[in-house]
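# Coordinates in review
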Amino acid sequence: MANKVYTGRYTVDNAKDMVVFIIGMRVNKRLAIHKWFPVFTAMPGMVKELYTNKEELGFLSMESYFGLKTTTMIQYWRSLEDLLAYAKNDKHLTAWKHFNQKAAGNEAVGIYHETYQIRKGTYEAIYVNMPHYGLGKALPRIAVTAERNSASKRLNNG
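Note that this is a predicted model, so its numbers are computed, not measured. (Residues numbered from 1 in each chain as written. Predicted model: local features only at pLDDT ≥ 70, side-chain atom pairs only at ≥ 80, totals over all residues. Heavy atoms only, no water.)

### Section: the overall build of the protein chain
Helices and strands together make up the secondary structure of the protein chain, namely seven helices and seven strands. Secondary structure of the protein chain in N-to-C order comes out as β-β-α-α-α-β-β-α-α-β-β-α-β-α. Oriented by its inertia axes, the alpha-carbon framework of the protein chain measures out at about 55 × 30 × 30 Å. Per-residue burial over the protein chain gives 37% buried out of 158 residues. Put simply, of all contacts in the protein chain between residues at least 6 apart along the chain, 76% involve residues at least 24 apart. Here the protein chain has roughly 9700 Å² of accessible surface; of this, 57% comes from carbon and sulfur atoms. Computing the positive centroid from 22 side-chain charges and the negative centroid from 13, the protein chain places the two 7 Å apart. (Helix = DSSP H or I, 4+ residues; strand = E, 2+ residues; numbered from the N terminus. Buried < 20%, exposed > 50% of the residue type's maximum accessible area, 1.4 Å probe, protein only. Contact = heavy atoms within 4.5 Å. Areas by Shrake-Rupley, 256 points an atom, 1.4 Å probe, with all protein chains shown as cover. Lys, Arg positive; Asp, Glu negative; His and termini not counted. Charge placed at Lys NZ, Arg CZ, Asp CG, Glu CD.)

Below, the structure written as structure tokens:
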């Protein structure tokens, strides 16, 4: 159950390298729906593909946020190699080609992405009375113990 609240405190196992990929779209001209809506509708098919083929693709999980002008997805990947391989995947390349055709000279919509390669032991998380969320949905969760009771300790700096 996606919204089940897990009482208590838990963190994530940060013993492996991982990649955080942030991708989004910004509507610059709201009334130009015919220009930004095709960009918006390209993403659901790719998201379905990612969840359907998680293990094969190296995709771990994601969170989505929708604002008035900007949408953002935070994706968690097993490795940079997996993310870059997906960027060359047929569905992604088709969507990217379609976007470039629609975006040429089109100021109505913008897109962005940021990629962060994160080494094991250099990231941490804490969840208190939360459903599985963010890194806690993407990575194995572990109970917070005295050895992991602070951010410094979870970052292997304690």
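### A short note on helix α1 (residues 33-40)
Listed in full, the buried residues belonging to α1 are Trp 36, Pro 38 and Val 39. For α1, the angular spread of the buried residues around the axis is 155 degrees, confining them to a single face. (Arc of directions from axis to C-beta.)

### Side note on the side chain of Thr 11
Assignment of secondary structure puts Thr 11 in strand β1 (residues 6-12). On the accessibility criterion, Thr 11 (1% relative accessible area) is buried. A distance of 2.5 Å separates a polar atom in the side chain of Thr 11 from the backbone oxygen of Ala 125. Ignoring any residue separated from it by four or fewer positions in sequence, one finds Thr 11 in contact with Ala 125, Pro 140, Arg 141, Ile 142, Ala 143, Val 144, Arg 148 and Arg 154. (Polar contact = N/O pair within 3.5 Å; in protein donor to acceptor, adjacent residues only side chain to side chain.)

### Some details on the pairing of strand β4 (residues 70-77)
For a regular strand, the rule is simple: side chains alternate between the two faces of the sheet. In terms of residue burial, β4 counts as a mostly covered element, since six of its eight residues are buried. Both strand β2 (residues 18-27) and β4 contribute to a ladder of eight bridges, which runs antiparallel. When the sheet's bridge partners are listed, Val 19 is paired in β4 with Trp 77. Here strand β3 (residues 59-66) runs beside β4; their pairing, made up of seven bridges, is antiparallel. Paired with Met 62 across the bridge in β4 is Gln 75. (Pairing = 2+ DSSP bridges.)

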